[in-house]
Amino acid sequence: MTWSLLILMLAAFAAGVQNALAGGGSFLTFPALLVAGIDPRTANIASTIALFPGQVTTGLAGRRHVAGAEGLSFRTLFWISLAGGAVGAVLLLVTPVSVFTHLVPFLVLFATLVFAWGSFLRKPRAEGAPPALGRRAALLIQSLIAIYGGYFGGGIGILMLAALTAAGLGVRVAGATKNVLAAVMNASAVAIFLLRAHALPWLPIACVAVPAILGGQLGALLLHRVNEKALRVVIVCIGAALSVGLFLRG
């Protein structure tokens with residue numbers, strides 16, 4: 001086994017733990033796939049496919065707690081997320097590798113800033129306060145998040161949590177709902193990638209998928225035993241370092 005694959009497996013296991021505890025696992029798998037010698041666009045596709053099984057298990061675990069927002073049914077959110085993920089995936093596939101390579105530093109920086117904002121700066125909606133988003137605004141924002149999720153996906157959990165709570169859902173219900181919707185938007189993206197993408201790196205994908213699932217199980221066990229804020233600090237630091245490195249390399 002080459003060192004790059006070993007690093008990839010360790011990063012994937014850590015990503016599975018991280019996703020179960022605080023989110024942001026793609027900040028670990030994406031750079032590890034780049035280290036393995038995969039171009040940025042293919043690395044993004046491979047990371048999405050490899051982490052998808054773990055997203056499905058996470059979504060299924062909390063499926064009984066999902067709900068729609070005020071004036072917006074969960075079914076509507078489901079179909080918006082499914083369609084948006086497909087649109088984002090198609091946009092990614094038609095983006096030339098050279099163009100996506102130049103976009104990656106900005107996408108990683110955006111995802112890092114979103115993660116930092118959601119982890120340390122975002123103020124939760126006060127209990128009993130009226131929703132900050134109406135039906136049309138919530139529909140538009142979820143559509144844009146779904147397209148972004150199919151295209152790149154970093155920080156979609158934080159974006160959806162903010163949007164769903166602003167639309168009137170409680171934090172716990174919003175958390176379960178965004179987990180299911182994240183799996184839904186990536187389901188359509190993964191389906192399109194499998195049908196349309198060429199020469200996918202299946203060995204690295206397997207080296208991410210299996211350890212990530214195992215890491216997710218460990219993360220579920222550690223959920224109430226680990227300092228979540230420290231984990232979020234680590235993820236923000238990784239994202240910041242990756243952003244700097246990508247901008248310097250570009």
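**Side note on the overall build of the protein chain**
Each helix and strand in the protein chain was counted, giving ten helices and zero strands. Along the chain direction, N to C, the helices and strands of the protein chain fall in the order α-α-α-α-α-α-α-α-α-α. For 250 residues, the compact-globule formula gives about 18 Å, and the C-alpha radius of gyration of the protein chain, at 17 Å, lands near that figure. For the protein chain, the spread of C-alpha atoms along the three principal axes comes to 55 × 40 × 35 Å. Per-residue burial over the protein chain gives 49% buried out of 250 residues. Contacts in the protein chain between residues far apart in sequence, at least 24 positions, make up 81% of those at least 6 positions apart. With the model as given, the accessible surface of the protein chain reaches about 12,300 Å², and the carbon-plus-sulfur share is 69%. Counting 16 positive and 4 negative side-chain charges, the protein chain places the averaged centre of each group 3 Å from the other.

**Some points on the packing of aromatic side chains**
Under the defined criterion, the tally for this structure stands at seven aromatic pairs. Ring centres of Phe78 and Trp79 lie 5.3 Å apart, and the angle between their planes is 80°; this geometry places the pair in the edge-to-face category. In this structure Phe78 comes out as partly exposed when scored by relative accessible area, which is 27%. You can call Trp79 exposed: its relative accessible area is 53%. Taken together, the ring pairs connect Phe30, Phe110, Tyr148 and Phe152 into an aromatic cluster.

**A closer look at the side chain of Ser188**
Considering the arrangement of structural elements, one finds Ser188 in helix H8 (residues 171-196). Overall, Ser188 belongs to the buried group, its relative accessible area being 10%. Beyond its immediate chain neighbours, meaning those up to four positions away, Ser188 contacts Ser81, Leu82, Gly85 and Ala86.

**Concerning the confidence of the model for the protein chain**
For the protein chain, per-residue confidence averages 85 on the pLDDT scale, and 93% of positions sit at 70 or higher. Within the protein chain, the lowest mean pLDDT, 79, falls on helix H10 (residues 228-249), and the highest, 95, falls on helix H4 (residues 74-94).

**A word on the packing of helix H2 (residues 26-35) against helix H3 (residues 40-61)**
Packing of H2 against H3 brings their axes to within 9 Å, and their N-to-C directions diverge by 135°. Relative to H3, the element H2 is oriented oblique. At the point where H2 passes H3, the crossing takes the right-handed sense. Contact with H2, carried on its side by Ser26, Thr29, Phe30, Leu33 and Leu34, involves Pro40, Ala43, Asn44, Ala46, Ser47 and Leu51 of H3 and no other residues of that element. Grouping the amino acids of the contact of H2 with H3 by side-chain chemistry returns seven nonpolar, four polar and no charged.

**Examining the environment of Ala15**
If you trace the backbone, Ala15 turns up in helix H1 (residues 3-21). Taking the C-alpha atoms as reference points, Ala15 and Leu139, separated by 124 residues in sequence, lie 30 Å from one another. What Ala15 contacts, discounting residues up to four positions off in sequence, is Gly25, Leu28 and Thr29.

**A few points about helix H5 (residues 97-121)**
With 25 residues, H5 ought to run about 36 Å at 1.5 Å a step, and its terminal C-alpha atoms sit 34 Å apart, in line with that. Within H5, the axis deviates most sharply at Leu103, by approximately 40°, and proline Pro105 lies no more than four positions further along. Residues of H5 that are buried include every one of Phe100, Val104, Pro105, Leu107, Val108, Ala111, Thr112, Val114, Phe115, Ala116, Gly118 and Ser119, and no others.

Scoring rules and cut-offs
Every residue gets a number counted from 1 within its own chain, in the order that chain's sequence is written. This being a predicted model, a pLDDT of at least 70 is required before a residue's local features are given, and a value of 80 or more before pairs of side-chain atoms are given or counted; all residues contribute to the totals for chains, interfaces and linings. Hydrogen atoms and water are omitted, and side-chain values are computed over all heavy atoms in the structure. Comment: elements are numbered from the N terminus, with helices defined as DSSP H or I runs of at least four residues and strands as E runs of at least two. Throughout, radius of gyration means the C-alpha value; the globule benchmark is 2.2 Å times the number of residues raised to the power 0.38. Buried residues are those whose accessible area, probed at 1.4 Å on protein chains only, stays under 20% of the maximum for their type, while exposed residues exceed 50% and partly exposed ones sit between those limits. Here a residue-residue contact requires only that any non-hydrogen atoms of the pair lie within 4.5 Å. Surface accessibility in these figures is a Shrake-Rupley result with a 1.4 Å probe; residues are shielded only by whichever protein chains are displayed. Charged residues are defined here as Lys and Arg on the positive side and Asp and Glu on the negative side; His and the ends of the chain fall outside this count. A charged residue contributes its charge at one atom only: NZ of Lys, CZ of Arg, CG of Asp or CD of Glu. Any two of the Phe, Tyr and Trp rings considered here, Trp counted by its six-membered ring, make a pair once their centres fall within 6.5 Å; the pair's planes then place it as stacked at under 30 degrees, edge-to-face at over 60, or tilted in between. What pLDDT expresses is the predictor's confidence in each residue, scored from 0 to 100. Each axis is a line fitted through C-alpha atoms, and for a helix only the stretch in contact is used; angles between axes span 0 to 180 degrees, taken between their N-to-C directions. Here roughly perpendicular refers to angles of 65 to 115 degrees, roughly parallel to angles under 35, roughly antiparallel to angles over 145, and oblique to all remaining angles. Take the far helix as the reference: if the near one is turned anticlockwise from it by less than a right angle, the crossing is left-handed, and if turned clockwise, right-handed. For this scheme, ten residues count as nonpolar: Ala, Val, Leu, Ile, Met, Phe, Trp, Tyr, Cys and Pro. Four count as charged, namely Asp, Glu, Lys and Arg, and the remainder, Gly too, count as polar. A helix is expected to span 1.5 Å for every residue after the first. Note on bend: at a given residue it equals the angle between the axes fitted to the 7 residues ending there and to the 7 starting there.

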